[in-house]
Amino acid sequence: MDRSSERHTDGDRAARLPEEVAAGNTAQAEAWNGDDGEYWVRQRAHQEARYRRLTPRLMAAAGIRADSRVLDIGCGSGGTSLEAARAAAEGAVLGVDLSGPMLAEARKQAATAGLPQATFAQGDAQVHDFGAAAFDAVLSRFGVMFFADPEAAFRNIAHALRPGGRLAFLCWRDLAQNAYLTVPFEALAPYVQPPDFGAPGEPGPFSLADTARIRTLLEGAGFDGISVDAVDEPMWMGTDEDDAVASLTDTPMVRKMLAAADEEARAGALAALRHTMAAHRGPDGVTLGSASWLVTARRR
Ligand SMILES: C[S@@+](CC[C@H](N)C(=O)[O-])C[C@H]1O[C@@H](n2cnc3c(N)ncnc32)[C@H](O)[C@@H]1O
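What counts, and at which threshold
- Residues numbered from 1 in each chain as written.
- Predicted model: local features only at pLDDT ≥ 70, side-chain atom pairs only at ≥ 80, totals over all residues.
- Heavy atoms only, no water.
- Near = heavy atom within 4 Å.
- Polar contact = N/O pair within 3.5 Å; in protein donor to acceptor, adjacent residues only side chain to side chain.
- Areas by Shrake-Rupley, 256 points an atom, 1.4 Å probe, with all protein chains shown as cover.
- Nonpolar A, V, L, I, M, F, W, Y, C, P; charged D, E, K, R; others polar.
- Salt bridge = Lys/Arg side-chain N within 4 Å of Asp/Glu carboxyl O.
- Helix = DSSP H or I, 4+ residues; strand = E, 2+ residues; numbered from the N terminus.
- Buried < 20%, exposed > 50% of the residue type's maximum accessible area, 1.4 Å probe, protein only.
- Contact = heavy atoms within 4.5 Å.
- UniProt positions renumbered as here; feature names shortened; annotations may be inferred.
- Arc of directions from axis to C-beta.
- pLDDT = per-residue confidence, 0-100.
- Disulfide = S-S within 2.5 Å.

- As annotated in an unreviewed UniProt entry, the protein carries the name Class I SAM-dependent methyltransferase and is attributed to Streptomyces platensis.

This is how it looks when you write it as structure tokens:
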């Protein structure tokens, strides 16, 4: 078998990693520079539509002014960086992310939108040198739950903020409260192996579900005025059941689950998923509940 194309692909992915990545964050860097990052680029517009009820809540909490210097942690394809740049028309926004492909997309979006005040850097926010007190505001939309050493990461983020500067981020509450995940996975469960979201507290989407942990981390990193508010907003899943199924089955996690099943199980899984999505279709398309924390704090 000719494996040269495989070697070529691996080489490309290694070349895409940031120069400095904390040892514990290498697996995340590889994932976000591989299938996960490519999926997020492909589905950028869909993801933005998914978050359309959540993003305004974050932006309102971030307190960005026309001249603010803003840091967007785990900015991905730049959706919130562009929003921040619109608010900071005379300021500057830096989006930082592990993912080369997602940052390439973010740069493209910023150029198309005519927002040169938004710039992007590839780096690991846990260790990246942002400079001391270089920002007035730090925000993140679901980009702060993946650190191997969250204590070090939030200290590094605090160091980048000026005293009195504001931190605002969204992170997920427990999986069980997030119907946008439990409902599709319950439909798939009779046919395929369940997904693995990692152990509680481990780096992953639900690592900051515990509010006591959030407070401990932020107090230890040098923040006060910490507030943690529940946000319960519908998550838009697609224009109709076919669009929702197409988007869900494009995620690397569901693709792997379906690929491991035999043909009959796969057909059953897809039919069950479509049936469930149709049951949640309303005038705005398919929607399911989501549960996140909106966290705000001030740098001491
Ligand atoms: C769930 S995605 C959210 C992306 C983006 N904030 C959005 O809302 O579209 C999580 C993002 O965090 C980034 N990320 C994870 N760990 C990171 C780290 N240590 N440093 C910088 N970015 C990180 C990933 O590369 C990914 O783009």
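This is not the end of the story, as more comes after the structure.
### Things to note about the site of the ligand
Part 1 of the argument: Close contacts around the ligand come from 18 residues, with G74, D97, D124, A125 and R141 the closest.
Part 2 of the argument: D124 places a side-chain nitrogen or oxygen 2.9 Å from a nitrogen atom of the ligand.
Part 3 of the argument: Within the side chain of R141, a nitrogen or oxygen atom sits 2.6 Å from an oxygen atom of the ligand.
Part 4 of the argument: Surface burial for the ligand is 97%, taken as the share of its 590 Å² of free accessible area covered by protein chains.
Part 5 of the argument: Tallied by class, residues from the shell around the ligand come to ten nonpolar, five polar and three charged.

### A short note on the pattern of salt bridges
Part 1 of the argument: Summed over the entire model, instances satisfying the criterion amount to 15 salt bridges.
Part 2 of the argument: Notably, a salt bridge pairs E83 with R86, separated by 3.4 Å at the nearest N-O pair. Pair noted here: E83 and R86 are both in helix 6 (residues 79–87), with a separation of three residues, about one helical turn.
Part 3 of the argument: The closest approach of N and O atoms between R162 and D136, which form a salt bridge, is 2.8 Å. Of this pair, R162 sits in strand 5 (residues 161–172) while D136 is found in strand 4 (residues 135–141), placing the two residues 26 residues apart along the sequence.
Part 4 of the argument: The class for R162 is partly exposed, based on a relative accessible area of 32%.
Part 5 of the argument: Residue classification places D136 among the buried residues on the basis of a relative accessible area of 15%.

### Some thoughts on the environment of R69
Part 1 of the argument: One can find R69 in strand 1 (residues 69–73).
Part 2 of the argument: Ignoring sequence-local partners within four residues, the contact set of R69 consists of A92, A133, A134, F135, D136, A137 and R162.

### Looking at the UniProt feature "domain: Methyltransferase" (unreviewed entry) in the protein
Part 1 of the argument: The UniProt entry lists residues 70–165 under the feature "domain: Methyltransferase" (unreviewed entry), expressed in the numbering used here.
Part 2 of the argument: Secondary structure within residues 70–165 divides into 35% helix and 28% strand; the distance between the first and last C-alpha atoms comes to 10 Å.

### Topic: helix 10 (residues 211–221)
Part 1 of the argument: All of the buried residues in helix 10 are I214, L217, L218 and A221. All buried residues of helix 10 fall inside an arc of 90° around its axis, so they share one side. The outward face of helix 10, more than 90 degrees from its buried face, is lined by the exposed residues T216 and G220.
Part 2 of the argument: Among the structural elements, helix 8 (150–160), strand 5, strand 6 (223–238) and strand 8 (285–299) are those in contact with the buried residues of helix 10.

### Some thoughts on the confidence of the model for the protein
Part 1 of the argument: Taken residue by residue, the protein gives an average pLDDT of 94. The fraction at 70 or more is 95%.
Part 2 of the argument: Mean pLDDT values for the elements of the protein range from 50 in helix 1 (residues 4–16) up to 99 in strand 1.
Part 3 of the argument: This model gives residues 1–8 a pLDDT under 50, and the stretch forms one contact once residues within four places in sequence are excluded.

### Structural notes on the state of the cysteines
Part 1 of the argument: Tallying each qualifying case throughout the model produces zero disulfides.
Part 2 of the argument: With no disulfide of its own, C75 has C171 as its nearest cysteine by sulfur position, at a separation of 18 Å.
Part 3 of the argument: Assessed through its relative accessible area of 0%, C171 is described here as buried.

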